[in-house]
Amino acid sequence: MAAILAAHRGRGALLAIMDMIGDNLCRPGFRGCGFLNAAAEYPDPTHRVRVRIAEHRRWFHGVLRAVVRDAGHPDPERVARTLVVLRDGAMVGGYLDDPRAIRATLREAAENLLTS
């Protein structure tokens, strides 16, 4: 993520982040998101595992919000929330469905959100 944010701003950064996520979905042996998988195993939101997951999700949401804001979208909070949901769905879909199709859909959805 640091390399993407150092090399890109705004729209370019967002699309590079979505591509990075999409590339992860297409890795051999991909089994879904480790954070989502761990959350399923630790349902208590006060457990230290879930606390770390929540911290990571807040960080990721913040990165997306900043990138969307830099892209000039008038509602970066809404778009960032939507992108987190899309990422979560892509992580599941990448494991259960055709990861290349999910990768393409994730990128297309991000582009559409920026123009919404």
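Residues numbered from 1 in each chain as written. Predicted model: local features only at pLDDT ≥ 70, side-chain atom pairs only at ≥ 80, totals over all residues. Heavy atoms only, no water.

Caption draft 1: Spatial organisation of the confidence of the model for the chain. Overall, the predicted model of the chain reaches an average pLDDT of 95, with 100% of residues at or above 70. No element of the chain has a lower mean pLDDT than helix H6 (residues 99-115), at 93, and none a higher one than helix H4 (residues 48-70), at 97. (pLDDT = per-residue confidence, 0-100. Helix = DSSP H or I, 4+ residues; strand = E, 2+ residues; numbered from the N terminus.)

Caption draft 2: Up close: the environment of Ile 17. As for its position among the elements, Ile 17 is in helix H2 (residues 10-25). In this structure the C-alpha to C-alpha distance between Ile 17 and Arg 107, which are 90 residues apart in sequence, comes to 9.2 Å. The contacts of Ile 17, once residues within four sequence positions are left out, are Met 1, Ile 4, Leu 5, Phe 60, Val 63, Leu 64 and Val 67. (Contact = heavy atoms within 4.5 Å.)

Caption draft 3: Spatial organisation of the packing of helix H5 (residues 76-96) against H6. Look at H5 against H6: their axes get within 10 Å of each other, and the N-to-C directions meet at 175°. One way to sum up the angle between H5 and H6 is to call them roughly antiparallel. On the side of H5, the interface is formed by Arg 78, Val 79, Thr 82, Leu 83, Leu 86, Arg 87, Ala 90, Gly 93 and Gly 94, while H6 contributes Pro 99, Ile 102, Leu 106, Ala 109, Ala 110 and Leu 113. Tallied by class, the residues present in the contact of H5 with H6 amount to 10 nonpolar, three polar and two charged. (Axes fitted to C-alpha atoms, helices over the stretch in contact; angles between N-to-C directions. Parallel < 35°, antiparallel > 145°, perpendicular 65-115°, else oblique. Nonpolar A, V, L, I, M, F, W, Y, C, P; charged D, E, K, R; others polar.)

Caption draft 4: How the structure looks around the nonpolar core. Within the largest apolar cluster, 27 residues are counted, with the highest numbers of intra-cluster contacts made by Leu 14, Ile 17, Met 18, Ile 21, Leu 64 and Leu 83. At the level of secondary structure, the elements contributing two or more residues to this core comprise H2, H4, H5 and H6. Take this core: its biggest share by element is eight residues, from H2. (Core = buried A, V, L, I, M, F, W, Y, C linked by side-chain atoms within 4.5 Å. Buried < 20%, exposed > 50% of the residue type's maximum accessible area, 1.4 Å probe, protein only.)

Caption draft 5: Structural detail: H2. For H2, spanning 16 residues, the distance from its first C-alpha to its last is 23 Å, which sits close to the expected 22 Å at 1.5 Å a residue. Of the residues making up H2, those classed as buried are Gly 10, Ala 13, Leu 14, Leu 15, Ala 16, Ile 17, Met 18, Asp 19, Ile 21, Gly 22 and Leu 25. Those residues of H2 that are buried are in contact with helix H1 (2-7), H4, H5 and H6. (Expected span 1.5 Å × (residues − 1).)

Caption draft 6: Structural view of H4. Here H4 is 23 residues long and its end C-alpha atoms lie 33 Å apart, about the 33 Å a rise of 1.5 Å per residue gives. Among all positions in H4, only Ile 53, Phe 60, His 61, Gly 62, Val 63, Leu 64, Val 67 and Val 68 are buried. Where H4 is buried, its residues contact H1, H2, helix H3 (34-41), H5 and H6. Gly 72 sits one or two residues past H4 and shows a positive phi near 90°.

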